[in-house]
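# What the coordinates show
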Amino acid sequence: MSTPRQPSRGSGDRKPPRPNPARKPGERPRPPHQRGADPRRSADQRRAPAARRPRPPAPRPQPRLIKLGDPRRRLRVVTVSLALVFSVFAGRLVQLQLLDSDALAAQAGANKYVEVKLSAERGSITSSDGVALATTVDAYDINGDPSLYTPETAQIPDAPEQAAALLAPILGRSKEQLAAALHTPKTKWVPLAPRQSPETKRQITDLRATLARQTDTKACRAQKLLVGKPAEQGGRQYVDAACVNPLAGVISQESTRRIYPADGLAANLVGFVNADGTGTGGLELQFQKELAGKDGRSTYASAGGRMVPTAGGSQQSPVPGSDLRLTINRDIQWAAQRAITDQVANAGAEKGYVIVQDVRNGQILAMATSPGFNPNDLSAAKSEQLGNAAVQDAYEPGSTAKLMTMAAVLDTGAAAWDTHVTVPNTLQRSDRVFHDDIDHETWYLTLAGVLAKSSNIGTIEAAEHLGKTQPEANQVLADYLHRFGIGQSTGLGFPGETKGILAKPEDWKGSQQYTIPFGQGLSVNALQATSVFSTIANGGVRVAPSLLMGTTGPDGRYTPAPAGVQTRVVGPQTAKTLTEMLESVVTDEQGTGGKAQIPGYRVAGKTGTANRVDPKTGKYSGYTASFIGFAPADQPRVTVSCVIQDPVNGHFGGQLCGPVFKQVMEFTLKTLQVAPSGSEAPNLPVDWKP
């Protein structure tokens, strides 16, 4: 049975319509306009227009299937990428940690960390009762960082000038000085004004804070973002000056400042410090090492001139200096300074000095010089006022030196106090004719009278008995002068102290060998001359002078100063006889020291009037007037010396220095509560009748 052949379809043949499953078999298809009509509706209903039905939603597109890549290939790509990144980091790390570590560390330290000195607190200098004569108070060092004032860092070309203009009126320095200091970019820190008061520091801090607020506006912050971008202004674009704080590179470092609460009291003795706080004169210079202590160091991170507290650092604490307690009695120093200042003014003198010494231990209770100065204001002082003339001036002592000649004569037994001495009006020796201060007929004096009347001729005659020949006499006298400390240091070690001038006895030629016995032709300082009288007052034993009572170290422990070295110069009986002879100078009506008498106390002393050598010309010009004595003569406690240089209104030592001695000694005895003398002066005869 053959299968019916299906007709072939050409390109224009249509596909046969698909059977409609909703149409019954044999049912004719509905015309297009009736398709979709409900056969159950009536004809009228079918003729009515059909309501528009919503369009069915478009069919959802089927999701595209993504074919996963090869995970192994992706892993290889990621691994290689990470390896490259880590290689770069590792290389950079090796460069920083190994190759460039030293250079970078140095650069970081230079740019980030700042090392500053922590000044040690300078020790105080006090009087014997512990009252400060020189002390230290809080202060601040004003420093600048020039590296923050370069045009590249400061972002303006004239940052140093702007900072200098702001600081000059506060620090009291010129704008040119401050600007020049900030124009040193290779220097990390430069001092602008050391040791300023807390008030000065506060002014700078407040001004810097005000400027910081003004330069932190929104407009300034936006403008600063443009810095470094190309600009047509000299190849560099600067931030406006109003947006820069010129004081960002200024820092206040804690420091200290030296003050002298008593102003000029004992200033010539205590001395002063320079602008750096280093001792430059007096005891401040002599004990610089002990007073200064040891400075510390502090290292800290800095940004914009300010400390970064959390960036680490290190600190070595300073060691404070020791405190010095002097032997100076503050009240006696005041009395001595007032007395000599008044008398220098009254006499129209160039200068003068007073020394008060305890004869028992050599301690100096006062050392006053006029004119003085105020160490708190050195600008008002002249250079010649800054020293301590009492130990730095070498002068010819005149008749006060006769005490040493008489000591040699008595101690060697060449004569006694009552030895008769015939004193002519003139005396020819060598190439010179010698005179006393006044013309007189021949005097017939005891040796005590020679000292009381201060006869130059009588002293020459007494000194000639020290040896069989004049050279032998010269050698004996020179030996005693040396024992008394002439021509050598007093032992104080004071800066600039003079040893005086005493030629070797073999070099005493011509008239000099006859002038030295009465105090011309040799020179001393005032402390040496004072020590001579203290030696006699102490029974013939010289105690080396001292100014330092003790020190208090950084640990608070007080250490007394060692006692002065003692040296026997003359015997006790010689010292006793000399004391009685010195009393005649004050008590006898023929004596030259009557103005030094003190009611209730026995006084032993000697006047001095010497031709003065002008230190500028080296020639004799004017006079040196002096008086040195001790009291009570029966129980010696204190020696007081007065020296006045180049007076105009009078020139005799008894007239000018006698009243100063009395004023200072009387005050000292009352201050120390020394009991009055319990006996009368012996009043040794000063002359004899031929």
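Residues numbered from 1 in each chain as written. Predicted model: local features only at pLDDT ≥ 70, side-chain atom pairs only at ≥ 80, totals over all residues. Heavy atoms only, no water.

## Re a negative patch on the surface
Where we set the bar: In this analysis, a patch consists of residues with relative accessible area above 30% that form no salt bridge, clustered at 9 Å for like charges and at 5 Å for the nonpolar side chains Val, Leu, Ile, Met, Phe, Trp and Tyr. Computed by Shrake-Rupley with a 1.4 Å probe, the accessible areas treat only the displayed protein chains as cover when residues are assessed. When a carboxyl oxygen of Asp or Glu is within 4 Å of a side-chain nitrogen of Lys or Arg, the pair counts as a salt bridge. His is not counted here, nor are the chain ends, while Lys and Arg score as positive and Asp and Glu score as negative. Note on charges: their place is set at NZ of Lys, CZ of Arg, CG of Asp or CD of Glu. Each residue's exposure class comes from its accessible area (1.4 Å probe, protein chains only) as a fraction of the maximum for that residue type: buried when under 20%, exposed when over 50%, partly exposed otherwise.
Taken together, the side chains of Glu121, Asp138, Glu254 and Asp323 define an acidic patch exposed on the protein surface. Judged by relative accessible area, which is 46%, Glu121 ranks as partly exposed.

## Quick word on the sheet that holds strand S12 (residues 351-358)
So the rule is basically this: Note on pairing: DSSP must find at least two bridges between two strands before they are called paired. The way it works is that DSSP assigns letters per residue, a run of H or I at least four long becomes a helix, a run of E at least two long becomes a strand, and they are numbered from the N terminus. As a rule, the C-alpha atoms of each element are fitted with a line to give its axis, helices using only the stretch in contact, and angles between N-to-C directions run from 0 to 180 degrees.
Read across the open sheet, the 5 strands follow the order S13-S12-S24-S23-S22; overall the sheet is antiparallel. Each edge of the open sheet carries a strand with a single partner, namely strand S13 (364-370) and strand S22 (604-613). With direction set aside, neighbouring strand axes in the sheet form an average angle of 10°. In this structure, S22 lies alongside strand S23 (residues 620-631), joined through 9 bridges in antiparallel fashion.

## So, the side chain of Ser454
As a reminder, the rule being used: Pairing of N or O atoms within 3.5 Å defines a polar contact, subject to two protein rules: one partner must be a possible hydrogen donor and the other a possible acceptor, and residues neighboring in sequence count only if both atoms are side-chain atoms.
By secondary structure assignment, the location of Ser454 is in the loop between helix H15 (447-452) and helix H16 (456-463). Take Ser454: its relative accessible area is 8%, and that puts it in the buried class. Within the local environment of Ser454, its side chain forms a polar contact with the side chain of Lys606, the two groups lying 2.8 Å apart.

## Regarding the confidence of the model for the chain
Operational definition: pLDDT runs from 0 to 100 and stands for how confident the predictor is about each residue. Two residues form a contact once any of their heavy atoms are found within 4.5 Å.
Looking at the chain as a whole, its pLDDT mean stands at 86, while 82% of the residues score no less than 70. Within the model, the stretch residues 1-14 combines pLDDT values under 50 with 4 contacts to residues more than four positions away or in other chains. Every residue in residues 228-235 is under pLDDT 50, and counting partners more than four places away or in other chains gives 4 contacts.

## Quick notes on the packing of aromatic side chains
This is how the line gets drawn: Aromatic rings from Phe, Tyr and Trp, taking only the six-membered ring of Trp, are treated as a pair when their centres fall within 6.5 Å; an angle between ring planes under 30 degrees marks them as stacked, one over 60 as edge-to-face, and anything in between as tilted.
Under the counting rule described, the total for this entry stands at 7 aromatic pairs. On the basis of an interplanar angle of 50° and a centroid distance of 6.4 Å, the ring pair of Tyr353 and Tyr395 is categorised as tilted. Taken together, the positions of Tyr353 in strand S12 and Tyr395 in the loop between helix H13 (389-392) and helix H14 (402-411) put the pair 42 residues apart, joining distant regions of the chain. Per residue, the accessibility class of Tyr353 equals that of Tyr395, and both read buried.

## Some points on helix H17 (residues 470-483)
Under the convention used in this document: By this rule, a helix spans an expected 1.5 Å times one less than how many residues it contains. It is the directions from the helix axis to the C-beta atoms whose arc is reported.
With 14 residues, H17 should cover 20 Å at 1.5 Å per step; its first-to-last C-alpha distance of 20 Å lies within 8% of that length. Regarding H17, the residues found buried are Gln470, Ala473, Asn474, Leu477, Ala478, Tyr480 and Leu481. In an axial view of H17, the angular spread of the buried residues amounts to 160°, which keeps them on one side of the axis. Elements in contact with the buried residues of H17: H14, H16 and helix H18 (512-515). A positive backbone phi angle near 100° is found at Gly485, which sits one or two residues after H17.

## Quick notes on the pairing of strand S3 (residues 132-144)
Here S3 lies mainly inside the structure; 10 of its 13 residues are buried. A loop of 5 residues connects strand S2 (residues 125-126) with S3, the two strands running antiparallel in sequence, and Gly130 in this loop sits at a positive phi of about 85°. Relative to strand S5 (residues 250-259), S3 is paired through 10 bridges, and the arrangement is antiparallel. Among the inter-strand pairings, Val137 is bridged to a residue of S5, identified as Arg257. The pairing of S3 with strand S4 (residues 190-196) spans 4 bridges and is antiparallel. Bridge assignment links Asn143 to a residue of S4, and that residue is Pro191.

## Overview of the packing of H14 against H16
Spelled out, the test is: Crossing handedness is defined as follows: a turn of the near helix away from the far one that is anticlockwise and smaller than a right angle gives a left-handed crossing, while the clockwise case is right-handed. Note on residue classes: Ala, Val, Leu, Ile, Met, Phe, Trp, Tyr, Cys and Pro are nonpolar, Asp, Glu, Lys and Arg are charged, and everything else, Gly too, is polar.
Where H14 contacts H16, the axes come no closer than 10 Å and their chain directions differ by 30°. Considering the relative orientation of H14 and H16, their crossing is left-handed. Here H14 contributes Lys402, Thr405, Met406 and Val409 to the contact with H16, which in turn contributes Asn456, Thr459, Ala462 and Ala463. A per-class count over the contact of H14 with H16 returns 4 nonpolar, 3 polar and 1 charged.

## Digging into the packing of helix H5 (residues 159-171) against helix H6 (residues 175-182)
Using the following cut-off: Roughly parallel refers to an angle under 35 degrees, roughly antiparallel to one over 145, roughly perpendicular to one between 65 and 115, and oblique to any angle outside these ranges.
Relative to each other, H5 and H6 sit at 135°, their axes nearing to 8 Å. Accordingly, the angle class assigned to the pair H5 and H6 is oblique. For the element pair H5 and H6, the recorded crossing hand is right-handed. Listed contacts from H6 to Pro160, Glu161, Ala163, Ala164, Ala165, Leu167, Ala168 and Leu171 of H5 are Lys175, Leu178, Ala179 and Leu182. Classifying every residue of the contact of H5 with H6 gives 10 nonpolar, no polar and 2 charged.

## Overview of H5
For H5, with 13 residues, the first-to-last C-alpha span of 18 Å sits near the 18 Å given by 1.5 Å per residue. All of the buried residues in H5 are Ala159, Pro160, Ala163, Ala164, Leu167, Ala168, Ile170 and Leu171. Each element contacted by the buried residues of H5 is listed here: S3, helix H4 (151-154), H6, S4, helix H7 (198-214) and S5. Directly after H5, the chain includes Gly172, whose backbone phi takes a positive value near 70°.

## Things to note about empty space enclosed by the protein
What counts here: Lining residues are defined by having an atom within 4 Å of a point belonging to a cavity or pocket. Those points lie on a 1 Å grid over the protein atoms alone, cavities being sets where a 1.4 Å probe fits but cannot get out and pockets being open sets with protein on both sides within 12 Å along at least five of seven lines. Grid points are joined across faces, edges and corners, and a volume is the space filled by probe spheres set on the points.
For the structure shown, the criterion picks out 4 cavities of 30 Å³ or more. Residue lining of the largest cavity: Ile460, Ala463, Glu464, Leu466, Gln470, Ala473, Asn474, Leu477, Trp508, Gln513, Tyr514 and Pro517, and that is the complete set. Those elements that place two or more of their residues in the lining of the largest cavity are H16, H17 and H18. Looking at which element gives the most residues to the lining of the largest cavity, the answer is H17, with 4 residues. Tallied by class, residues from the lining of the largest cavity come to 8 nonpolar, 3 polar and 1 charged. By volume, the second largest cavity amounts to about 50 Å³. What lines the second largest cavity is Pro397, Thr400, Ala401, Met404, Ile486, Val524, Ala529, Val532, Phe533 and Ile628.

## A look at the pattern of salt bridges
Within this structure, the stated rule accounts for 14 salt bridges. Close ionic contact of Lys576 with Glu580 constitutes a salt bridge, the shortest N to O distance being 2.9 Å. Here Lys576 and its partner Glu580 are both found in helix H20 (residues 572-587), 4 residues apart, which amounts to about one turn of the helix. A relative accessible area of 46% means that Lys576 is categorised as partly exposed. What emerges from the salt-bridge pattern is a single network uniting Arg122, Arg258 and Glu284.

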